[in-house]
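Here are the chains, one letter per residue:
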Amino acid sequence: MTIEHWIGGKATAASSTRTAPVFNPASGTRRAEVLLASKADVDMALDTAKQAFDSWSQASLSQRVKVLFAFRELVNSHASDLAGLVTDEHGKVLSDAAGEVQRGLEVVEFACGIPHLLKGDYSDQVSTDVDIFSFREPLGVVAGITPFNFPVMVPMWMHPIAIACGNSFLLKPSERDPSASMLVAELWQRAGLPDGVFNVVHGDKEAVDALLDSPDVAAVSFVGSTPIARYIHERASASGKRVQALGGAKNHAIVLPDADIDFAASHLVAAAFGSAGERCMAISAAVAVGAAGDAVVEAISAKATTLKVGSGRDAANEMGPVVTRAAKDRIVGLITSGQAQGATLAVDGRGLVVDGFEDGFFVGPTVLDRVSADMDVYREEIFGPVLSVLRVDTVDDAIALINANPYGNGTAIFTSSGDAARRFQRGVKVGMIGINVPIPVPMAYYSFGGWKDSLFGDKHVHGPEGVSFYTRAKVVTSRWPERHHAAQASYHFPTAT
Ligand code: NAD
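A brief look at the structure comes next. Remember, it's a predicted structure, so these values are computed and weren't measured experimentally.

**Let's talk about the layout of surface pockets**
Then step 1. Quantified by volume, the largest pocket comes out at close to 870 Å³.
Then step 2. Considering the residues around the largest pocket, the lining is formed by 38 residues, among which Pro 147, Arg 176, Gly 224, Ser 225 and Ile 228 are closest to the centre.
Then step 3. Listing elements by their share of the lining of the largest pocket, those giving two or more residues are helix H8 (205-213), strand S11 (219-223), helix H9 (226-238) and helix H12 (325-340).
Then step 4. The element contributing the most residues to the lining of the largest pocket is H9, with 4 residues.
Then step 5. A domain-level breakdown of the lining of the largest pocket finds at least three residues from each of domain 1 (2-247 + 454-476) and domain 2 (251-435).

Written out as structure tokens, the structure reads:
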């Protein structure tokens, strides 16, 4: 099977014949080839999107909302189809894939309220016979470049809002799990979205660079690893675009001795190993404070060893494989380096083989204790099922450790002390914070984004900042002089009279 692009309302092969393999990570077998677009293919898609923008940007709010509500219904009724495609190409278990579709759907629901979100301001009689009002207009063609780990949810952080605001959208999804985007494209069409408003172009660096350099792209939303996020931000900014580029993460969870250790351990294990640790909000560093250390390591190790790992299609499993063989080899290498650099291997997932899925890309849950900040396993984003435990003496040491880390995406604290929690929430330099909540992903009506090397650009995604990112303001100062005698024109800078 060859996965084509979606341009102008239909699947098309365009001109490039380059492809990349798409695997089923559980079986380790190739399930498809995906086309990789050339610059000419991207330009063709942009032409289509530009033409579609001319009429879509003029569609009334009522017309746009009708399409959005229909799209909401279709995503909802195809949620399990979307989740199945995610499981087959990403590997995460079906219940987790269904959760990602649900969180994407919530952004569609937020975007259904676009008439309210786009309301401007109006001030009457700011000067004699003069009124002032503001409204926001779409930007044009906007692009989304997205990672493999949430093939439905992360693009849905972007396109429902961009389209609701009146833009046309070009999605360049991850080439590792491209199929869900094709179903999403079909659902937009069935919802009544005019052809060309939502397009999918598959590809790699060549397609991405074509988007970054094209004068026809007004704004770029990117989610992926930090080195690529930094590159996208620099290159797209250099060509005058608006850019939001979300990067990688190293999320810490502090456990204080006054926490309910069993509660904390259950949540830590779920947050570290859910989706095989391939979440940008996964907890990858547990910071045990003072006397909590031994109890935390014991409790998380006990839970990690009982986790059911296997194919994501089997409802009994709690964790699936990682995305590629290369990812598996990199993760195994990092675990080995952690041990070599002095960490204690409390649970070792390196040798895991799943019956019937011997060629799958599985790594078992792994817990490394007594990790220090200079080890590779701490310095690198592992993006796999590995939980490192660091031990510190005080909550202030834990906050200092988090703040010294270059990433600032998410963090959490487990405690029964309101005072410690408040000190933490005010003291950490991190964008999203959980208090006894290990994965504090904001709801769709708030915006999502990290600090430091986890986000380049000014605006977070979805929620109110998403609406602001995909629109620009006009402020109109108006007077109708024929209604009254004309005011005297003056040559000084305008001031109210
Ligand atoms: P990635 O950076 O390798 O790829 C992301 C996108 O960039 C893909 O569409 C890919 O095709 C493209 N790309 C890759 N290399 C490129 C290059 N050299 N030039 C131009 N484009 C390129 O990321 P990934 O492995 O797909 O996803 C995992 C990463 O994404 C992790 O670092 C994770 O933390 C991060 N992530 C962050 C968030 C967040 O909200 N901050 C959310 C999800 C994932």
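**Observations concerning the site of the ligand**
Then step 1. If you check the shell around the ligand, you find 29 residues, and the closest are Lys 172, Glu 175, Ser 225, Gly 247 and Glu 381.
Then step 2. Here an oxygen atom of the ligand sits 3.0 Å away from a polar atom, N or O, in the main chain of Phe 148.
Then step 3. Contact between the ligand and Ser 225: an oxygen atom at 2.6 Å from a side-chain N or O atom of the residue.
Then step 4. Considering the ligand on its own, with 840 Å² of exposed area, one finds that the protein chains cover 89% of that surface.

**Focus on the pairing of strand S6 (residues 122-127)**
Across a regular strand the side chains alternate sides, sitting on one face of the sheet and then on the other.
Then step 1. As paired elements, S6 and strand S7 (residues 130-138) share 3 bridges and run antiparallel to each other. Each bridged residue has a counterpart across the sheet, and for Ser 123 the counterpart in S7 is Ile 132.
Then step 2. Connecting S6 to the antiparallel partner S7 that follows it, the hairpin turn spans 2 residues, and Asp 129 within it adopts a positive phi of roughly 65 degrees.

**Thoughts on the packing of helix H2 (residues 61-77) against helix H4 (residues 94-111)**
Then step 1. Between H2 and H4, the least distance of the axes is 9 Å, while the angle of their chain directions is 165 degrees. In terms of orientation, H2 lies roughly antiparallel with respect to H4. Read as a crossing pair, H2 and H4 show a hand that is left-handed. Across the interface between the two elements, Leu 68, Phe 71, Arg 72, Val 75 and Asn 76 from H2 touch Val 101, Leu 105, Val 108, Glu 109 and Ala 111 from H4.

**With respect to the environment of Glu 278**
Then step 1. Inspection of the secondary structure assignment puts Glu 278 in the loop between helix H10 (261-273) and strand S14 (283-289).
Then step 2. Classification of Glu 278 as buried rests on a relative accessible area of 0%.
Then step 3. Taking the C-alpha atoms as reference points, Glu 278 and Gly 240, separated by 38 residues in sequence, lie 32 Å from one another.
Then step 4. Apart from residues no more than four positions distant in its own chain, Glu 278 is found in contact with His 90, Phe 148, Asn 149, Pro 321, Val 322, Val 323 and Phe 383.

**What to know about the state of the cysteines**
Covalent bonding between the sulfur atoms of two cysteines defines a disulfide.
Then step 1. Under the definition given, this model contains 0 disulfides.
Then step 2. Cysteine Cys 112 is unpaired, with the sulfur of Cys 165 as its nearest cysteine sulfur at 13 Å.

**Overview of empty space enclosed by the protein**
Then step 1. Under the counting rule described, the total for this entry stands at 4 cavities of 30 Å³ or more.
Then step 2. Space inside the largest cavity adds up to approximately 80 Å³.
Then step 3. The wall of the largest cavity is formed by 15 residues, among which Gly 277, Arg 279, Ala 282, Ser 284 and Phe 383 lie closest to the centre.
Then step 4. For the second largest cavity, the full set of lining residues is Trp 6, Gly 9, Ala 185, Trp 188, Gln 189, Leu 193, Pro 194, Asp 195, Gly 196, Val 197 and Phe 198.
Then step 5. If one sorts the elements of the lining of the second largest cavity by residue count, helix H7 (residues 179-190) sits on top with 3 residues.
Then step 6. The residue makeup of the lining of the second largest cavity, split by class, is 7 nonpolar, 3 polar and 1 charged.

**Quick look at the side chain of Ser 284**
Then step 1. Counting through the fold element by element, Ser 284 comes out in strand S14.
Then step 2. Excluding residues that lie within four positions of it along the chain, Ser 284 makes contacts with Lys 250, Asn 251, Val 386, Leu 387 and Ser 388.

**What about the sheet that holds strand S5 (residues 29-35)?**
Then step 1. Strand order in this open sheet of 3 strands is S1-S5-S4, and the pairing throughout is mixed. Only two strands of the sheet have a single neighbouring strand rather than two, namely strand S1 (2-3) and strand S4 (19-24).
Then step 2. Where S1 lies against S5, 2 bridges are found, and the strand directions are parallel. Its bridge partner being in S5, Thr 2 is matched across the sheet by Glu 33.
Then step 3. Of the strands in this sheet, S1, S4 and S5 are in contact with helix H3 (residues 79-90), which crosses S4 at around 100 degrees.

Cut-offs and rules
Residues numbered from 1 in each chain as written. Predicted model: local features only at pLDDT ≥ 70, side-chain atom pairs only at ≥ 80, totals over all residues. Heavy atoms only, no water. 1 Å grid on protein atoms, 1.4 Å probe; cavity = no way out; pocket = protein on both sides within 12 Å on 5 of 7 lines; lining within 4 Å. Points joined across faces, edges and corners; volume = space filled by probe spheres on them. Helix = DSSP H or I, 4+ residues; strand = E, 2+ residues; numbered from the N terminus. Domains from an automatic or database assignment. Near = heavy atom within 4 Å. Polar contact = N/O pair within 3.5 Å; in protein donor to acceptor, adjacent residues only side chain to side chain. Areas by Shrake-Rupley, 256 points an atom, 1.4 Å probe, with all protein chains shown as cover. Pairing = 2+ DSSP bridges. Axes fitted to C-alpha atoms, helices over the stretch in contact; angles between N-to-C directions. Parallel < 35°, antiparallel > 145°, perpendicular 65-115°, else oblique. Left-handed = near helix turned anticlockwise from the far one by under 90°. Contact = heavy atoms within 4.5 Å. Buried < 20%, exposed > 50% of the residue type's maximum accessible area, 1.4 Å probe, protein only. Disulfide = S-S within 2.5 Å. Nonpolar A, V, L, I, M, F, W, Y, C, P; charged D, E, K, R; others polar.

These results come straight from atomic positions and should not be treated as a statement about function.
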